[in-house]
Amino acid sequence: MHLSLFLKEHRQETPEIESFIFSSNQKINYQPGQFLRWNLPHQNPDNRGIWRYFTVSSSPAEGIIMLTTKFSTPSSTFKTTLHSLKIGQEITVEGPFGDFTYPDPTVKAVFIAGGIGITPFRSILTQLDLLGTNSPIIILYSNRNEEIPFKVLLDDISKRRKTIKIIYTVTEKDSRYKGETDKIDANFVKQYVPNYLSTGLLYYLSGPKPMVESIEKELIFLKISKQQIKKDFFPGYTEI
Ligand SMILES: Cc1cc2nc3c(=O)[nH]c(=O)nc-3n(C[C@H](O)[C@H](O)[C@H](O)COP(=O)(O)OP(=O)(O)OC[C@H]3O[C@@H](n4cnc5c(N)ncnc54)[C@H](O)[C@@H]3O)c2cc1C
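In what follows, the accompanying structure is described. (Residues numbered from 1 in each chain as written. Predicted model: local features only at pLDDT ≥ 70, side-chain atom pairs only at ≥ 80, totals over all residues. Heavy atoms only, no water.)

## Quick word on the pairing of strand 11 (residues 229-234)
Where strand 10 (residues 202-208) lies against strand 11, six bridges are found, and the strand directions are parallel. Paired with Tyr-203 across the bridge in strand 11 is Ile-229. As for the winding sense of the linkage, the β-α-β connection from strand 10 through helix 5 (residues 209-221) to strand 11 is right-handed. (Pairing = 2+ DSSP bridges. Helix = DSSP H or I, 4+ residues; strand = E, 2+ residues; numbered from the N terminus. Right-handed = clockwise from strand over helix to strand, strands pointing away.)

Given below as structure tokens:
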């Protein structure tokens, strides 16, 4: 289904990461964690073309549609055009698509995110929070530096909802940083996930493809079954 969205607001989340908030004339029935195909025709597109898949980083309970993305230098022509959108301008989307969702809020889950890979988890967690659901979730969130997207929001949710725990790790060397700095691997999971081998646990992995593939290998090394692992790849990024 083709739908029109209109830019309402633009938010700088970190120096590199921005959110674009849209309103819609029609209701988009999506599940937290799903994505849309975003179409943005523009002049002289580069070889990456005029559409992209982006997760809806907002949740249905928020009543908006939000896209959150990272800008590099140089950016693709798609992202350059996205960045220059004016308030009120239209973008069309198709979807929703995907099964990277958390349909049963009683299931124990470990959400593992790398950088911008937090977007589906932001959607799922804000939905649970706004509906007042206390789900048993541990979030392991790896970032290159201390500019951590949605940290204030995630800290607030985990402070109020005692069943939701979050562990950050910042992997770029900075001696001033006093928190966790290890990359997420088998030992990290063993350290922070009690009963990590429990067959009732679901592991959700989201981030750049190389990171997701490497963490999946680590989980399999720990003898976690493939059936317990759900993945969301973000092509186009090689690092967090
Ligand atoms: C299901 C799904 C969900 C996704 N959700 C999200 C999401 O929520 N947020 C998100 O940010 N992404 C998401 N992605 C990834 C997204 O679709 C893009 O692939 C990604 O953002 C990269 O965008 P870009 O190609 O516009 O490149 P940019 O982000 O502009 O650039 C990425 C890298 O490529 C280089 N580069 C840029 N243009 C070119 C070029 N023409 N040729 C060679 N190199 C170039 C840049 O220097 C940079 O190193 C998702 C993907 C999928 C499949």
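The structure having been displayed, the exposition proceeds.
## With respect to the site of the ligand
Neighbouring the ligand are 23 residues; Tyr-53, Thr-69, Ser-76, Pro-235 and Tyr-237 lie closest to it. At a separation of 2.7 Å, an oxygen atom of the ligand approaches a polar side-chain atom of Arg-48. Contact distances for the ligand include 2.7 Å between an oxygen atom and a backbone N or O atom of Tyr-53. In isolation the ligand has 970 Å² of accessible area, and contact with the protein removes 80% of it. Every element with two or more residues in the shell around the ligand is listed here: strand 4 (51-55), strand 5 (65-70) and strand 11. Here the shell around the ligand takes four residues from strand 4, the largest share from any one element. Its residues assigned to classes, the shell around the ligand comprises nine nonpolar, nine polar and five charged. (Near = heavy atom within 4 Å. Polar contact = N/O pair within 3.5 Å; in protein donor to acceptor, adjacent residues only side chain to side chain. Areas by Shrake-Rupley, 256 points an atom, 1.4 Å probe, with all protein chains shown as cover. Nonpolar A, V, L, I, M, F, W, Y, C, P; charged D, E, K, R; others polar.)

## As for the packing of helix 2 (residues 119-130) against helix 3 (residues 151-160)
Running from amino to carboxyl end, helix 2 crosses helix 3 at an angle of 40 degrees, the nearest separation of the two axes being 11 Å. The angle between helix 2 and helix 3 falls in the class oblique. Crossing handedness for the pair helix 2 and helix 3: left-handed. Contact residues: helix 2 offers Arg-122, Leu-125, Thr-126 and Asp-129, while helix 3 offers Leu-153, Leu-154, Ile-157 and Arg-160. Of the residues contributing to the contact of helix 2 with helix 3, the split by class is four nonpolar, one polar and three charged. (Axes fitted to C-alpha atoms, helices over the stretch in contact; angles between N-to-C directions. Parallel < 35°, antiparallel > 145°, perpendicular 65-115°, else oblique. Left-handed = near helix turned anticlockwise from the far one by under 90°. Contact = heavy atoms within 4.5 Å.)

## Notes on the pairing of strand 9 (residues 164-170)
For a regular strand, side chains alternate in direction, first toward one face of the sheet and then toward the other. Counting buried residues along strand 9, six of its seven residues qualify, which places the element largely inside the surrounding structure. Where strand 8 (residues 137-143) and strand 9 come together, seven bridges link them in parallel fashion. Note that in strand 9 the partner of Ile-139 across the bridge is Ile-166. (Buried < 20%, exposed > 50% of the residue type's maximum accessible area, 1.4 Å probe, protein only.)

## A closer look at the side chain of Ser-123
Within the secondary structure, Ser-123 sits in helix 2. Under the relative-accessibility criterion, Ser-123 is labelled buried at 0%. Within the structure, Ser-123 has its side chain in polar contact with the backbone nitrogen of Gly-33 (distance 3.4 Å). What Ser-123 contacts, discounting residues up to four positions off in sequence, is Tyr-30, Pro-32, Gly-33, Val-56, Ser-57, Ser-58 and Ser-59.

## Looking at the sheet that holds strand 9
Across a sheet, strands are paired by hydrogen bonds formed along the backbone, either parallel or antiparallel in direction. Ordered by their spatial adjacency, five strands build an open sheet running 9-8-7-10-11, and the pairing between neighbours is parallel. If you trace the sheet from one side to the other, it starts and ends with strand 9 and strand 11, each paired once. Ignoring strand direction, the axes of neighbouring strands in this sheet form an average angle of 10 degrees. Judged from the five bridges that link them, strand 7 (residues 109-114) and strand 10 form a sheet pairing that is parallel. In the sheet register, Ala-109 faces strand 10, and the bridge partner there is Leu-202. Running at roughly 145 degrees to strand 9, helix 3 makes contact with strand 8 and strand 9 of the sheet.

## Focus: helix 3
Turning to helix 3, its buried residues are Leu-154, Ile-157 and Ser-158. Along helix 3, the residues classed as buried sweep out an arc of 90 degrees about the axis, all on the same side. In helix 3, the exposed positions angled more than 90 degrees off the buried face are occupied by Val-152 and Lys-159. (Arc of directions from axis to C-beta.)

## Focus on the nonpolar core
If you look at the biggest cluster of nonpolar residues, it comprises 26 residues, and the most contacted ones within it are Phe-111, Phe-121, Leu-125, Ile-137 and Tyr-141. Structurally, this core is a two-domain feature, drawing no fewer than three residues from each of domain 1 (2-96) and domain 2 (109-234). (Core = buried A, V, L, I, M, F, W, Y, C linked by side-chain atoms within 4.5 Å. Domains from an automatic or database assignment.)

## Quick word on the environment of Tyr-30
Tracing the chain through its elements places Tyr-30 in the loop between strand 2 (17-24) and strand 3 (35-39). Assessed through its relative accessible area of 6%, Tyr-30 is described here as buried. Apart from the residues within four sequence positions on either side, Tyr-30 is in contact with Val-56, Ser-58, Ser-59, Pro-60, Ile-64, Ile-65, Pro-96 and Ser-123. In terms of polar contacts, Tyr-30 uses its side chain to reach the backbone carbonyl oxygen of Ser-58, at 3.3 Å.

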